[in-house]
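Survey of secondary and tertiary structure
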Amino acid sequence: GVTEDDMIALSLDAHSVIADLLVPVLEEVWARAPEDPALAELRARPELETLAGVISGWDRRFSRNSSAAVAFDVFTFFAASLAIADDLGLLFDAILAEEPIYVVKWALLALRRDFERADEVLQEGRDLIVMRALAATAGWLERRFGSVDPSAYRWGDHHGTRFRAEGPGGMDGGWYPTDGGLGTVNKSEASFFAGGGAPVERLESTSGPVYRMVAGFDADGTPRAQVTVSRGNSGDPASPFFANPTEDWIEGRFVPLRFRRAAVEEAAVERWTLSP
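Source: prediction; values computed, not measured. Here the residue index of a chain counts from 1 through its sequence in written order. Totals for whole chains, interfaces and linings use all residues, but because this is a predicted model, local features are given only for residues with pLDDT of at least 70 and pairs of side-chain atoms are given and counted only at 80 or more. Here the side-chain values reflect all heavy atoms present in the structure, with hydrogen atoms and water set aside.

Let us now look at the overall build of the protein chain. For the protein chain, the helix and strand inventory stands at eleven helices and six strands. Referenced to the eigenvectors of the C-alpha coordinate spread, the extents of the protein chain come out at roughly 80 × 50 × 35 Å. The classification of residues rests on relative accessible area computed with a 1.4 Å probe and restricted to protein chains. Under 20% of the type maximum is buried, over 50% is exposed, and intermediate values are partly exposed. Relative to its full complement of 276 residues, the protein chain shows a buried share of 42%. Surface accessibility in these figures is a Shrake-Rupley result with a 1.4 Å probe; residues are shielded only by whichever protein chains are displayed. With the model as given, the accessible surface of the protein chain reaches about 14,700 Å², and the carbon-plus-sulfur share is 53%. With 27 positive and 43 negative side-chain charges, the protein chain shows a spacing of 3 Å between the two charge centroids. Each helix is a run of DSSP H or I of at least 4 residues and each strand a run of E of at least 2, with the numbering of both proceeding from the N terminus. Just so you know, the count uses Lys and Arg for positive and Asp and Glu for negative, and it drops His and the chain ends. Where a charge sits is defined by one atom per residue type, namely NZ (Lys), CZ (Arg), CG (Asp) or CD (Glu).

Below, the structure is given as structure tokens:
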């Protein structure tokens with residue numbers, strides 16, 4: 001019963017598994033905040049109430065038009081830093097720079113108390129760490145976008161894909177707002193912290209599914225495939241085929257893969273002949 005359209009939708013899925021694990025922790029802590037004396041320093045702050053509501057009401061998808069995705073991603077990284085940076089020492093920044101998902105997973109294990117001695121890692125107290133991460137998120141949003149109000153920012157303002165090139169400047173493919181993020185099938189992760197623990201101005205994902213293909217068969221057994229590719233066939237920045245598929249890739253539009261001679265010749269726009 002699985003269709004090609006189902007598989008295309010799956011490959012573009014921007015739902016955050018990280019959010020499924022961490023949002024309930026925030027909701028649990030926030031519900032206790034009014035009565036917990038350990039959280040007295042963070043009570044009665046309207047900007048934190050706004051942020052908690054934005055994240056709690058989120059559909060948990062890293063979509064370009066989502067405001068809550070920004071708040072949650074920033075909160076995730078502040079929570080991870082406050083939870084385990086002191087335990088990992090120099091390794092924290094090094095691992096974060098290479099594969100931020102590992103740092104976030106380890107922090108999640110502690111914040112969710114998924115192992116017996118988790119509270120020994122969270123020396124300041126789990127709930128206080130969560131609330132301080134929320135406060136740090138509010139502070140960053142106010143500095144970066146001028147407000148914690150969700151009308152002030154979108155995931156597409158903060159997160160994008162960078163088509164980096166190790167060559168002349170003209171080879172650089174630029175930065176594009178894109179869906180996806182940390183812990184999504186549509187892989188598009190990037191670290192919120194740069195070297196030394198300073199927040200970045202905007203997220204630049206430089207790894208992900210540059211080529212997607214979904215295949216099936218006609219009733220007579222003839223194979224067919226649909227593809228979406230992030231960059232063009234030409235390596236010449238002046239060519240119209242240098243980046244012509246990029247918009248389709250960003251929008252998740254698939255096109256038929258022409259692999260039979262007649263189909264290729266019908267669509268051909270240039271022909272090159274190589275001879276000795």
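Moving on to unusual backbone geometry. Across residues other than glycine, the phi torsion is negative in most instances, and most of the peptide bonds are trans. With a phi angle near 65°, arginine 60 is a residue other than glycine that sits in the positive phi range. Note that arginine 60 resides in the loop between helix H3 (46–56) and helix H4 (68–88). With relative accessibility at 18%, the residue arginine 60 sits in the buried group.

What follows deals with the nonpolar core. In terms of nonpolar packing, the biggest core is built from 63 residues, with Phe72, Phe75 and Leu141 touching the most fellow members. Elements supplying a minimum of two residues to this core: helix H2 (17–32), H3, H4, helix H5 (90–98), helix H6 (100–111) and helix H8 (126–145). A total of 14 residues in this core trace back to one element, the largest contributor, which is H4. Note on definitions: a residue-residue contact is assigned when non-hydrogen atoms from the two residues lie within 4.5 Å. Ignoring sequence-local partners within four residues, the contact set of leucine 141 consists of Leu51, Val70, Ala71, Gly146, Ser147, Val148 and Tyr153. Grouping buried Ala, Val, Leu, Ile, Met, Phe, Trp, Tyr and Cys residues that are joined through side-chain atoms within 4.5 Å yields what is termed a nonpolar core.

So, about the packing of H4 against H6. In this analysis, axes come from line fits to C-alpha atoms, helices being fitted only over the stretch in contact, and the angle between any two N-to-C directions falls in the range 0 to 180 degrees. Relative orientation of the contacting elements H4 and H6 amounts to 85°, with a least axis distance of 9 Å. One finds that H4 runs roughly perpendicular with respect to H6. Touching Thr76, Phe77, Ala79, Ala80, Ala83, Ile84 and Leu88 of H4 are Pro100, Val103, Val104, Trp106, Ala107 and Leu111, all from H6. Each residue gets one label: Ala, Val, Leu, Ile, Met, Phe, Trp, Tyr, Cys and Pro are nonpolar, Asp, Glu, Lys and Arg are charged, and the others, such as Gly, are polar. For the contact of H4 with H6, a count of residues per class yields twelve nonpolar, one polar and no charged. Each angle gets one of four labels, with under 35 degrees taken as roughly parallel, over 145 as roughly antiparallel, 65 to 115 as roughly perpendicular, and the rest as oblique.

It is worth spelling out the pattern of salt bridges at this point. Should a side-chain nitrogen of Lys or Arg be within 4 Å of a carboxyl oxygen of Asp or Glu, the pair is scored as a salt bridge. Under the definition given, this model contains 20 salt bridges. Arginine 253 is paired through a salt bridge with aspartate 248; the nearest N and O atoms lie 2.6 Å apart. Note on arginine 253: relative accessible area 38%, which makes it partly exposed. Here the salt bridges do not stand alone but share partners, grouping Glu28, Arg32, Arg126 and Asp127 into one network.

We now examine empty space enclosed by the protein. The rule is simple: put a 1 Å grid over the protein atoms alone, call a set of points where a 1.4 Å probe fits but cannot get out a cavity, call an open set with protein on both sides within 12 Å along at least five of seven lines a pocket, and count a residue as lining if it has an atom within 4 Å of a point. Grid points are joined across faces, edges and corners, and a volume is the space filled by probe spheres set on the points. Following the criterion strictly, the structure yields one cavity of 30 Å³ or more and no others. Looking at the largest cavity, its volume works out to about 30 Å³. In terms of lining residues, the largest cavity is bounded by Leu22, Thr76, Ala79, Ala80, Val104, Ala107, Leu108 and Leu111. Counting only elements with at least two residues in the lining of the largest cavity, the list comes to H4 and H6. The element that contributes the greatest number of residues to the lining of the largest cavity is H6, accounting for four residues. Counted by class, the lining of the largest cavity contains seven nonpolar, one polar and no charged residues.

Looking now at the packing of aromatic side chains. Between the rings of Phe, Tyr and Trp (Trp by its six-membered ring), a pair exists once the centres lie within 6.5 Å; its type follows the angle of the planes, with under 30 degrees stacked, over 60 edge-to-face, and the other angles tilted. The tally for this structure, following the rule as stated, stands at 15 aromatic pairs. Look at phenylalanine 78 and phenylalanine 193: their rings are 5.6 Å apart centre to centre, the planes differ by 80°, and that puts the pair in the edge-to-face class. Of the two residues, phenylalanine 78 sits in helix H4 while phenylalanine 193 sits in the loop between strand E2 (175–177) and strand E3 (203–205), which places them 115 residues apart along the sequence. Here the two residues phenylalanine 78 and phenylalanine 193 agree in accessibility, since each one is buried. Seen in terms of ring centroids, phenylalanine 163 and tyrosine 176 are 5.7 Å apart; in terms of plane orientation they differ by 70°. Their pairing is edge-to-face. Highlighted residues: phenylalanine 163 in the loop between strand E1 (159–162) and E2 and tyrosine 176 in strand E2, separated in sequence by 13 residues. Pairwise contacts between aromatic rings join Phe77, Phe78, Trp140, Phe145, Tyr153, Phe192 and Phe193 into one cluster.

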